[in-house]
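An overview of the molecular structure
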Amino acid sequence: MKTLLNLLWLVLSGLWMAIAYVLFGILACILIITIPFGIASFRIAGYALWPFGRTVIRRDDAGVASAIGNLVWLVFAGVWLAIGHLVTGLLLCLTIIGIPLGVANFKMVPISLTPLGRQIVRT
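Presented here is a report on the structure given in the accompanying data block. Worth saying up front: this structure is predicted, and the values here are computed from it rather than measured.

Quick look at the environment of Ala 82 now. On the secondary structure map, Ala 82 appears in helix H3 (residues 64-92). When residues no more than four places from it in sequence are discounted, the contact partners of Ala 82 are Val 109, Ser 112 and Leu 113.

One pass over the structure, following the stated rule, counts one salt bridge. Between Arg 59 and Asp 61 there is a salt bridge, with its nearest N and O atoms 2.9 Å apart. When its relative accessible area of 58% is taken as the criterion, Asp 61 is described as exposed.

On to the nonpolar core, then. Of all hydrophobic cores here, the largest spans 23 residues; its most connected members are Trp 9, Tyr 21, Phe 24, Phe 37, Ala 48 and Trp 73. Listing elements by their share of this core, those giving two or more residues are helix H1 (2-30), helix H2 (35-49), H3 and helix H4 (99-107). Ignoring sequence-local partners within four residues, the contact set of Phe 24 consists of Phe 37, Ser 41, Trp 73 and Ala 77.

In total, this model carries three aromatic pairs according to the counting rule given. Look at Phe 24 and Trp 73: their rings are 5.1 Å apart centre to centre, the planes differ by 85 degrees, and that puts the pair in the edge-to-face class. Of the two residues, Phe 24 is situated in helix H1 and Trp 73 in helix H3; the sequence distance between them amounts to 49 residues. Arranged with centres 6.3 Å apart and planes meeting at 35 degrees, the rings of Phe 37 and Trp 73 form a pair that is tilted.

For Leu 7, the location among the structural elements is in helix H1. As a C-alpha pair, Leu 7 and Ile 39 span 32 residues in sequence and 25 Å in three-dimensional space.

A word on the side chain of Asn 105. Assignment of secondary structure puts Asn 105 in helix H4. One polar contact links Asn 105 to Ser 13, side chain to side chain, over a distance of 3.0 Å. Polar contacts involving the side chain of Asn 105 include one to the side chain of His 85, which spans 2.8 Å. Excluding its chain neighbours within four sequence positions, the residues that come into contact with Asn 105 are Trp 9, Ser 13, Met 17, His 85, Thr 88, Gly 89 and Leu 92.

Further remarks concern the side chain of Ser 112. Residue placement: Ser 112 occurs in helix H5 (residues 109-113). A relative accessible area of 0% means that Ser 112 is categorised as buried.

The rules we used
Residues numbered from 1 in each chain as written. Predicted model: local features only at pLDDT ≥ 70, side-chain atom pairs only at ≥ 80, totals over all residues. Heavy atoms only, no water. Helix = DSSP H or I, 4+ residues; strand = E, 2+ residues; numbered from the N terminus. Contact = heavy atoms within 4.5 Å. Salt bridge = Lys/Arg side-chain N within 4 Å of Asp/Glu carboxyl O. Buried < 20%, exposed > 50% of the residue type's maximum accessible area, 1.4 Å probe, protein only. Core = buried A, V, L, I, M, F, W, Y, C linked by side-chain atoms within 4.5 Å. Phe/Tyr/Trp six-rings, centres within 6.5 Å; stacked < 30°, edge-to-face > 60°. Polar contact = N/O pair within 3.5 Å; in protein donor to acceptor, adjacent residues only side chain to side chain.

Rendered as structure tokens:
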């Protein structure tokens, strides 16, 4: 079932959101000081391509640097990526088949807002 949901997700939502994360990751890696944001963006892009069967957990060793980085991320990229997830989720929830995919989009909003200090693990 996870594979079927992931394939539907890839076609209807995942590819477009992953492209958005990759574009921001490339932009962040061009500037040397923002490479950690680029790495986080690439990590989330992989999660955005294939989310079912994986989950996001908070890392216990994340400190003040992650909090400050999340604040910077929120201002420059997080809000726009979260809006993308919300709009896509709402559009997917208009159909019966799209409801599980829309809910998955809503579940990705927290990691799109604050990705630093989080880890993606298999369930």
